[in-house]
Amino acid sequence: MILVQWRDDYSVGARSVDDEHKALIGRINRLYDQLMVEDDPLAVSTFFESLIKAITEHFLREERFMRERGYDQLPQHREDYERLLDEIEALTDEFDRNEEAGREDLAMRIDGWLSDHFETHDARLEEVFDRRKN
Ligand SMILES: [Fe+2]
Ligand SMILES: [Fe+2]
């Protein structure tokens, strides 16, 4: 099952960043797939833990890249990531209360965050480096 589908408007205009984001989306979808097939009461908590892990790993790679290049908006980038963690925490609670409603919100919120984050923070990163190169 697909939770989030790669779309062209996710693209930040740099192949390496897009490939990394496609890999992240692929990983999220594989986790979601597992959640859908597993008839295990712990599947939901495993899913959320793995989701946070996948996103955190991606974020740490990006942060290292930013730090190495003296990127100026690292705190803002981190803040947006923290906002996502808060959302995931809220979704976990929602799943506890009503799993069906939680599942519907999950796709919408993750997709919303990804498109917003890619478009603003990650695309800006690429712009700043392009500007420096010229
Ligand atoms: Fe990213
Ligand atoms: Fe990012």
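Throughout what follows, the structure given in this document is the object of discussion. Everything numeric here is computed off the predicted structure, so don't read it as measured data. (Residues numbered from 1 in each chain as written. Chains lettered and ligands numbered in written order. Predicted model: local features only at pLDDT ≥ 70, side-chain atom pairs only at ≥ 80, totals over all residues. Heavy atoms only, no water.)

Bound to the iron ion (ligand 1) are the protein donor atoms His21 (NE2), His58 (NE2), Glu62 (OE) and Asp122 (OD), situated 1.9 to 2.2 Å from the metal. Taken together, the four donor atoms surrounding the iron ion (ligand 1) define angles of 84 to 171° at the centre, an arrangement classified as irregular. As a motif over one chain, the donors of the iron ion (ligand 1) read H-x36-H-x3-E-x59-D. In this structure, the iron ion (ligand 1) lies 3.2 Å away from the iron ion (ligand 2), the two metals sharing Glu62 as a donor. Of this pair, His21 sits in helix α1 (residues 15–37) while Asp122 is found in helix α4 (residues 99–133), placing the two residues 101 residues apart along the sequence. Here His21 and Asp122 have matching classes, each one buried. (Donors = N, O, S within 2.8 Å, 3.2 Å for Na, K, Ca; no water. Tetrahedral: all angles 85-135°; square planar, octahedral: opposite > 155°, others 65-115°. Helix = DSSP H or I, 4+ residues; strand = E, 2+ residues; numbered from the N terminus. Buried < 20%, exposed > 50% of the residue type's maximum accessible area, 1.4 Å probe, protein only.)

Moving on, we get to the packing of aromatic side chains. One pass over the full model with this rule turns up six aromatic pairs. Relative to Tyr10, the ring of Trp6 has its centre 5.5 Å away and its plane inclined at 70°; by these criteria the two rings are edge-to-face. Among the residues examined, Trp6 registers a relative accessible area of 21% and is labelled partly exposed. Between the aromatic rings of Phe47 and Phe48, the centroid separation amounts to 5.2 Å while the plane-to-plane angle is 70°, which identifies the pairing as edge-to-face. Since its relative accessible area comes to 2%, Phe47 is described here as buried. Classification of Phe48 as buried rests on a relative accessible area of 4%. Ring pairs connect the aromatic residues Tyr32, Phe47, Phe48 and Phe95, which therefore count as one cluster. For the cation-ring pair, Arg7 lies above Tyr10, with the distance from its terminal atom to the ring centre recorded as 4.7 Å. (Phe/Tyr/Trp six-rings, centres within 6.5 Å; stacked < 30°, edge-to-face > 60°. Lys NZ or Arg CZ within 6 Å of the ring centre and 35° of its normal.)

Attention now goes to empty space enclosed by the protein. What the rule picks out here adds up to one cavity of 30 Å³ or more. In this model, the largest cavity occupies a volume close to 50 Å³. As for the largest cavity, its lining consists of Leu24, Ile55, His58, Phe59, Glu62, His77, Tyr81, Trp113, His117 and Phe118. With four residues, the single largest contributor to the lining of the largest cavity is helix α2 (residues 43–68). Within the lining of the largest cavity, the residues separate by chemical class into six nonpolar, three polar and one charged. (1 Å grid on protein atoms, 1.4 Å probe; cavity = no way out; pocket = protein on both sides within 12 Å on 5 of 7 lines; lining within 4 Å. Points joined across faces, edges and corners; volume = space filled by probe spheres on them. Nonpolar A, V, L, I, M, F, W, Y, C, P; charged D, E, K, R; others polar.)

Over the atoms a probe the size of a water molecule is rolled, and this reveals where empty space is left. Estimated volume of the largest pocket: approximately 230 Å³. Around the largest pocket, the lining residues are Ser16, Val17, Glu20, His58, Arg61, Glu62, Arg64, Phe65, Glu68, Leu125 and Glu126. When contributions to the lining of the largest pocket are tallied by element, the ones reaching two or more residues are α1, α2 and α4. If one sorts the elements of the lining of the largest pocket by residue count, α2 sits on top with six residues. Within the lining of the largest pocket, the residues separate by chemical class into three nonpolar, two polar and six charged.

This brings us to α1. Here α1 is 23 residues long and its end C-alpha atoms lie 33 Å apart, about the 33 Å a rise of 1.5 Å per residue gives. Within α1, the full set of buried residues consists of Val17, Asp18, His21, Leu24, Ile25, Gly26, Ile28, Asn29, Leu31, Tyr32 and Leu35. Contact partners of the buried residues in α1: α2, α3 (74–97) and α4. (Expected span 1.5 Å × (residues − 1). Contact = heavy atoms within 4.5 Å.)

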